[in-house]
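Breakdown of the fold
Single-letter residue listing:
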Amino acid sequence: MRRGGDQAPAHSRVARDPAIRRLHAELRSAKLVYLRVPAQRPVATSMRLKEIPALPTSIALFVATCLFQLAFLDRGASLYDEGSIIAIGDNLANGKVLYRDMITFVAPFTYELMGVLYRIFGAHLLVGRLFLIVAFATITVLVHRIFLKLLPPGAALLGALAIWPIKPLGFPVWSILNYSQVALLFKVASLWAAANWLWSHRRGWLVATGLLVGLAITAKQDFGAYVALGITAAVVFDWAIRPPRRLAALATTLISLGLIATIPIGVAFSYYWSLGIGAEFVDRTVLDLIGVRADYSVPFPGLRPWSERPDDLFMIVFAYFPAVFIELAWGGVMNVYDRAQLVPLEVSVKAAYYLPGLAMAWLTVAACWNRNKLAPAERSTLVLIAAVAMVAYMLIFRADWVHLMNLYSIVVLPVAVALARWGANGRVWRRIPAMLVWVAWLGFGAVTTYAICTVFTAPVYTPRGRILDVPRKSADLQRVLDYLDALPADERVLFMPHNPLFYFLTGRPIEAPNDLVMPGLVADSEDDRNLAAAVERADVVVYNPKIFPTAPAPLYAYAPRTAQVLGLRFRGERELSDAAIVLRKIRGHPAPLVVDFWSEAPGGEIEPARQTYIWSDEMAASAPPTVRDHWMVYRVVSMRVPEPEVERCFARRHCVRAGETLRAMPATHPEGWGLPTGKKVAFRISIAGEGGTETAFSGARASNRVPSTVDIPLDRFAGECVEIRFCAAALEQGVARGLAGWAEPRVERKSSGVAGG
C-alpha cells in the first residue's frame, strides 16, 4: 500500500520533515542519546533487525510466565463458566452439534476448540487449563512486543510483567477456562498486528490484523467488536497525521480490514449452514445476545459515597470487590459497616475502576499534541492502545469485578505505557513514584498468589482431574460426586439452573439443550417447552438454589413451564450442599388438585424485576405482610415476620368433600446468597369448623432448603365449610419477609397410584 509521501525524493523529505531536521541537529551537537527513527518505509528493515535481540527475552518471558502459572493449574473450580464450556466441549467431542443440540448465545470458537482438543487428548480438566496457561503466556509476550515499539527494553519488560498480577487478583477467572480469555488472546494479537502495520504499513500485517479481529469475534462477539472499533480509531488517526490524507486510501484500508475480518465469521457461518442450522447460529449469537446484555447489565460503581447507603453494601461488595479476597475471607469484607473500614475499601475499589481511564486520556492527549517529539508511528500506536482499552472499558456491559478482570490485560497496557513514559525523562521525582506503583502492583499480586496457594489446598479427585479448593467447598463437591457415583447408570440426571461442571466431572451427557438455564438461553416459549420436556424425562434434578444477587429473575420468571413441571413432578429429597439440592421425580401421577391456595392468597404476586434475595430491615418494614413469591421450584406464600413471637397468618375458606387432603410445605428461605441462616420460625396450621378450632400442625423450622411436606387428611371435616389458617412467627430477632413461607399450599383429592411427597 503506497503513500503519497513516499514518492518524493529523499532530499526533499529531509528538507520538509521537522523530525529529521531535529535529528540531524542533535547528531551535529552530539546530544543524541536514544535514537527512534520515524516510521518511513525504508526503516522497516532496521525495525526487524532491532527486534531480533528481543527474541530471547520473549522466549524467556513466555517460559517464566508458564512456570509462574503452574501454582494455579488445578486450583479453584467453577460450576458455571468453566463447567459450561468444558461440558459442551465434551458433548461436541461425542457427536453433538452446537446451536442444534446445545444452546449458547456465545460465539462458537472456544466450544469447538475444546471439542477438538478432547478428541485429540481425551476429556480431562487439565486440557483446557493448560491451554489457558499457554494463552496467558502468549498474551504477556505480545504485550512485551507491543511495548518494545514505545519503550526502552527495560521498561518494556517491566510493563509486560505487570500482566502477571491479573492472574491471582482475577482468581479464579484466570485459572479456569473461559471464552473471554480465548477472545482476549485474539484481541491482544490483533492489537500487536495492528501496531506492526502502523509502523510498516505492509499489507501482510493488515491481513493479519483483519483475520485476528475476525477470530476474536468468533470467540466472543463483544470483545471482537471492542478491538475492531479501537483499531478503526487508530487507523483514522494515523491517516489524519500523515499527508497527503487521501480519503480513498483511508476507505480502502478500512474496507479491506472489514472484509478480511469477515472471513473467520463466514467460515463459521458456512460450517453451521452446511449442517442446516445457519439461521439458528445467527439467532443465538446475535439476537439472543442483545437480550442477555439488557438482562445482565452491571454499571460501573457510582461516585456516590457507599457510607450513605449501607443496605446496598452487600451488592456493592459482591459486584465490585475482588472475588478472591472474599474467597480468602480477608478482613470480613462482607460486613464492612464501620466507616474506618469502609472508606479505604471504597477508595481502593473505585481507584481500580477509574484511574486507568486517566492513563487512557493521558496517552490520547500525548499522541495528539506531541507531534514534534514523537514519530507518526509512535503517536498512532499510543492512540491504538488508548482507543482499544477505552472502547473495551467504556462499553463493558457487566462491570462487576469478575468481568472487569477479563479485560484488565488490555487496561494494563495504557497504564504501563503512561507510567513508563511519564517517568522516563530522567527526573527522580517522576521515576521513583512510577517504580513504586509497579512494585506495589507486583507485590500485591505476589501476596495474593501466596495466600491462594496456602488456602486452596483441599483436593477432590475425579477420573477427569484433580481440583484443589478451600476445605468447605471441596467437601461439598466431593459429597455431590459421591452421590452421583452411587446412582444407577440408567438414571437420567439434570443439573439446574447452573452447575454444569458435574456433567463433565462425571462423564454424563447433557440431557437438555440448555446446560445453563438462565434468561437469554431460555429465550422464548419454544425453549421453555423443550427444557420442560427434558425435565419430564429426568429421574433426578440436582438444583442449585444459589441465585446470583445480580441475576435478573428466578426460574419462574423466564421458564414458567419448566418451573411448573419441577414443582408438580419433583420433590426435595436431600441437600448435598448449599449449591446442590436433590429433587427426585414423584412416581405415579400427582393427586388431582381441588383448590390452589397460592393463587388465592392475599397480597398479590411479587414482580420478578423487584424480587431480591438481599433483604434488609428497612425493606422488610415497608413490605406487605403476605406476598405470592417463588422459592427455588416452589410457589410460596411468603410472610413478613419481623418481630419475635408476633404471628402472621393468611386464611381461606373451603368446603370439604370426602377424600380430600390438605398439603403444604413450611419453608424458610430455600435460596439466596445473602440471607442470614439459622433463624428459627414457628409454623402452624389451624382449621376452624363447626366443632371449633383445632391445630392441625405446628412445628419450628430453621434453614430448610429441602422443605418437608405436611399432609393433613380432611375427612373428619367432610360436608363442612371450614376456615384454614396458615401462620408463621419468628422465634428470634432478625427474621424478615422472605424467610418464612408456605410452599404449594393446596387441597388434593386422594387417588390410586399417588406417591407421597
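Refer to the structure above for everything that follows.
Residues numbered from 1 in each chain as written. Predicted model: local features only at pLDDT ≥ 70, side-chain atom pairs only at ≥ 80, totals over all residues. Heavy atoms only, no water.

**Brief notes about the overall build of the protein**
The condition that has to hold: Runs of E in the DSSP output that reach at least two residues are strands. Runs of H or I that reach at least four are helices, and both are numbered from the N terminus. Categorising residues by exposure relies on relative accessible area from a 1.4 Å probe, with only protein chains included: less than 20% of the type maximum marks a residue as buried, more than 50% marks it as exposed, and the intermediate range marks it as partly exposed. In what follows, residue pairs with any heavy atoms lying within 4.5 Å of each other are defined as contacts. Note on areas: Shrake-Rupley with a 1.4 Å probe; residue coverage comes only from the protein chains shown.
Counting its secondary structure elements, the protein contains 27 helices and 16 strands. When the 757 residues of the protein are sorted by exposure, 54% land in the buried category. Look at the contacts in the protein between residues 6 or more apart in sequence, and 76% of them connect residues 24 or more apart. Accessible surface, the protein as shown: approximately 31,100 Å² in total, 62% of it carbon and sulfur.

**Remarks on the environment of I146**
Relative to the helices and strands, I146 is located in helix α7 (residues 125-147). Owing to a relative accessible area of 1%, I146 belongs among the buried residues under this scheme. Along the backbone, I146 and V188 are 42 residues apart, and their C-alpha atoms lie at a distance of 9.4 Å. The residues touching I146, leaving out its near neighbours within four places in the chain, are V188, L191, W192, I385 and L413.

**A closer look at the pairing of strand β13 (residues 692-701)**
Here is the rule we go by: Paired strands, as defined in this entry, are two strands with at least two bridges between them according to DSSP.
Pairing analysis gives 9 bridges linking strand β12 (residues 681-689) to β13, with the strands arranged antiparallel. The residue of β13 that forms the bridge with I687 is E694. From the end of β12 to the start of β13, which pair antiparallel, there are 2 residues.

**A closer look at the sheet that holds β13**
Our working rule: Only the stretch in contact is used when fitting a helix axis, every axis being a line fitted to C-alpha atoms; angles between N-to-C directions are given from 0 to 180 degrees.
Strand order in the open sheet made by the 4 strands is β10-β15-β12-β13, with antiparallel pairing throughout. Only two strands of the sheet have a single partner each, and these edge strands are β10 (647-655) and β13. Here the average twist between neighbouring strands, direction ignored, is 15°. Here 9 bridges tie β10 to strand β15 (residues 721-730), and the two strands are oriented antiparallel to one another. Each residue of the ladder has a partner; that of F650, found in β15, is F726.

**With respect to empty space enclosed by the protein**
The criterion, for reference: Whether a set of points on the 1 Å grid over the protein atoms alone is a cavity depends on a 1.4 Å probe fitting there but being unable to get out, while an open set qualifies as a pocket with protein on both sides within 12 Å along at least five of seven lines; lining residues are those with an atom within 4 Å of a point. Grid points are joined across faces, edges and corners, and a volume is the space filled by probe spheres set on the points. Residues are grouped as follows: nonpolar covers Ala, Val, Leu, Ile, Met, Phe, Trp, Tyr, Cys and Pro; charged covers Asp, Glu, Lys and Arg; every other residue, Gly included, is treated as polar.
For the coordinates displayed, the defined rule picks out 3 cavities of 30 Å³ or more. A194, W197, L198, L206, T209, I231, A234, V235, L257 and L384 are the residues that line the second largest cavity. For the lining of the second largest cavity, the secondary structure elements donating two or more residues are α10 (179-200), α11 (203-219) and α12 (221-241). When the residues that make up the lining of the second largest cavity are grouped by side-chain class, the tally is 9 nonpolar, 1 polar and no charged.

**Here we look at unusual backbone geometry**
The step from P243 to P244 runs through a cis peptide bond, and the omega angle for that step is 15°. For P244, the location among the structural elements is in the loop between α12 and α13 (247-274). Across the junction of M496 and P497, the peptide omega takes the value -15°, indicating a cis bond. Within the secondary structure, P497 is located in the loop between β3 (493-496) and α22 (501-506). We note that H201 has phi near 55°; this positive angle belongs to a residue other than glycine. Relative to the elements of secondary structure, H201 occurs in the loop between α10 and α11. Relative accessible area serves as the criterion here: at 6%, H201 is assigned to the buried category. Although it is not a glycine, R245 sits at a positive phi angle of roughly 50°. One can find R245 in the loop between α12 and α13.

**A closer look at the nonpolar core**
For clarity, the cut-off: Here, nonpolar core means buried Ala, Val, Leu, Ile, Met, Phe, Trp, Tyr and Cys residues that are tied together by side-chain atoms lying within 4.5 Å of each other.
In terms of nonpolar packing, the biggest core is built from 104 residues, with F147, W174, I231, Y353, L384 and Y408 touching the most fellow members. In terms of residue count, the dominant contributor to this core is α10 (13 residues). With near-sequence residues (within four places) excluded, Y408 lies in contact with I166, A352, P356 and W441. The next biggest cluster of nonpolar side chains, apart from the first, holds 86 residues, and it includes V517, Y556, Y558 and L583.

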